[in-house]
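Residues per chain, in single letters:
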Amino acid sequence: MTHNKVFVITGPTGSGKTTVSQYMKEHYNMPQVITHTTRSPRAGEQDGVDYYFETPASFATKHYLEHVTYSGNQYGSSREGLAAGWQRSPFISIVLDTAGAVTYAKELGDQAVIIYLEVPNQQALLERLTKRGDQQARIERRVASKEYLRDQQLPVGLVGHAQVIVNDDWAQTQQALDQLIAQYQTDPQSAN
Ligand SMILES: Nc1nc2c(ncn2[C@@H]2O[C@H](COP(=O)(O)OP(=O)(O)O)[C@@H](O)[C@H]2O)c(=O)[nH]1
Ligand SMILES: Nc1ncnc2c1ncn2[C@@H]1O[C@H](COP(=O)(O)OP(=O)(O)O)[C@@H](O)[C@H]1O
């Protein structure tokens, strides 16, 4: 019986997915599964750390557990990526859009612990993106994408499966994460 879990962090752009994944890495030594994308790197992003940055041609050569188009770019994750993570630790994390999270819930069942992040104040979320350094044109394009609008709401397929965390105040988010992870550390079979 395996106790391996993948914490799937999902939610709209700017909701704090990367921040949460980083927190889990730093405080709980959870390896992050690196996914593949055709989008170009943002300032400071590194190949093999933030993503495997691909061309459309190189993206097409990989085989994926699931892949999506998000705001005009392709993203995908593989079973090999999960296996490599689980070789290092029983608890790993991955950042996915909500379509990917639904696929993980279906394919992996209880092995996938889904965390849906939301920031109810839209203006605050946009300010976070500007502060993060995203170019204005990119923000506008992203916010206008149908995927962004879709990810504002927990998908029906995740209702009852996802832990919803409102990421307004970071201290509260951290507390919610600590409580969730503690459940799995004491009894990995119990939670969900
Ligand atoms: N389904 C799926 N979504 C992914 C994958 N990699 C990244 N994403 C999601 O793609 C969306 C766009 O990511 P990105 O361009 O980095 O912008 P972000 O939303 O600001 O993190 C986010 O919702 C990511 O969680 C993947 O392999 N599969
Ligand atoms: N609770 C919070 N309060 C204020 N700023 C936050 C909070 N959580 C994340 N941020 C900031 O908001 C921005 C977007 O977060 P990020 O983790 O990059 O989101 P995502 O990966 O979902 O797009 C980052 O600059 C991050 O530092």
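Everything quoted here is computed from the prediction, not taken from an experiment.

*Asks:* Which residues make up the overall build of the protein, and what values do they have?
*Replies:* Of the regular secondary structure elements, the protein holds 8 helices and 8 strands. Taking 2.2 N^0.38 as the reference for a compact globule, 192 residues should give roughly 16 Å; the C-alpha atoms of the protein span a radius of gyration of 16 Å, in line with that estimate. Once the C-alpha set of the protein is aligned to its principal axes, its extents read approximately 45 × 40 × 30 Å. When the accessible surface of the protein is split by element, carbon and sulfur atoms take 50% of a total near 10,000 Å². Treating the 17 positive side-chain charges of the protein as one cloud and the 20 negative ones as another, the clouds have centres 4 Å apart.

*Asks:* Lay out the pairing of strand β1 (residues 5-10) with the relevant residues and their values.
*Replies:* Extensive coverage of β1 is indicated by the burial of 6 of its 6 residues. The two faces of β1 match: K5, F7 and I9 on one face and V6, V8 and T10 on the other face are all buried. Pairing geometry for β1 and strand β6 (residues 91-95), over 5 bridges, is parallel. Counted as the bridge partner of I9 is V95 from β6. Here β1 pairs with strand β7 (residues 112-118) via 5 bridges, running parallel. Paired with V6 across the bridge in β7 is A112.

*Asks:* Give a description of the side chain of N167 that names residues and reports values.
*Replies:* Looking at the element boundaries, N167 is found in the loop between β8 (162-166) and α8 (170-186). Looking at N167, its side chain comes within polar contact range of the side chain of T173, at 2.8 Å. In contact with N167, other than residues within four places in its own chain, are S15, G16, E118, V119, R128 and T173.

*Asks:* Help me get a handle on the nonpolar core, residues and values and all.
*Replies:* Counting 19 residues, the largest nonpolar core has V6, V8, L82, Y104 and I114 as the members making the most contacts within it. Looking at this core, the elements that each hand over two or more residues are β1, α3 (79-88), β6, α4 (98-108) and β7. Ranked by residues supplied to this core, first place goes to α4 with 5 residues. Those residues in contact with I114 that lie beyond four places of it in its chain are V8, T10, A101, A105, L158, H161, A162 and Q163. The next biggest cluster of nonpolar side chains, apart from the first, holds 15 residues, and it includes I9, Y23, F91 and I181.

*Asks:* Explain the site of ligand 2 residue by residue, including any values.
*Replies:* In the vicinity of ligand 2 there are 13 residues, among which G14, K17, T18, T19 and R132 approach most closely. One nitrogen or oxygen atom from the side chain of T19 is found 2.5 Å from an oxygen atom belonging to ligand 2. The side chain of R128 places a nitrogen or oxygen atom 3.3 Å from a nitrogen atom of ligand 2. Protein contact buries 75% of the 560 Å² of open area that ligand 2 shows by itself. Elements that contribute at least two residues to the shell around ligand 2 include exactly α1 (17-28) and α5 (122-132). Considering every element that reaches the shell around ligand 2, the biggest residue donor is α1, with 3 residues. Residue composition of the shell around ligand 2, grouped by class: 2 nonpolar, 7 polar and 4 charged.

Calculation criteria
- Residues numbered from 1 in each chain as written.
- Chains lettered and ligands numbered in written order.
- Predicted model: local features only at pLDDT ≥ 70, side-chain atom pairs only at ≥ 80, totals over all residues.
- Heavy atoms only, no water.
- Helix = DSSP H or I, 4+ residues; strand = E, 2+ residues; numbered from the N terminus.
- Rg over C-alpha atoms; globule rule 2.2 N^0.38 Å.
- Areas by Shrake-Rupley, 256 points an atom, 1.4 Å probe, with all protein chains shown as cover.
- Lys, Arg positive; Asp, Glu negative; His and termini not counted.
- Charge placed at Lys NZ, Arg CZ, Asp CG, Glu CD.
- Buried < 20%, exposed > 50% of the residue type's maximum accessible area, 1.4 Å probe, protein only.
- Pairing = 2+ DSSP bridges.
- Polar contact = N/O pair within 3.5 Å; in protein donor to acceptor, adjacent residues only side chain to side chain.
- Contact = heavy atoms within 4.5 Å.
- Core = buried A, V, L, I, M, F, W, Y, C linked by side-chain atoms within 4.5 Å.
- Near = heavy atom within 4 Å.
- Nonpolar A, V, L, I, M, F, W, Y, C, P; charged D, E, K, R; others polar.

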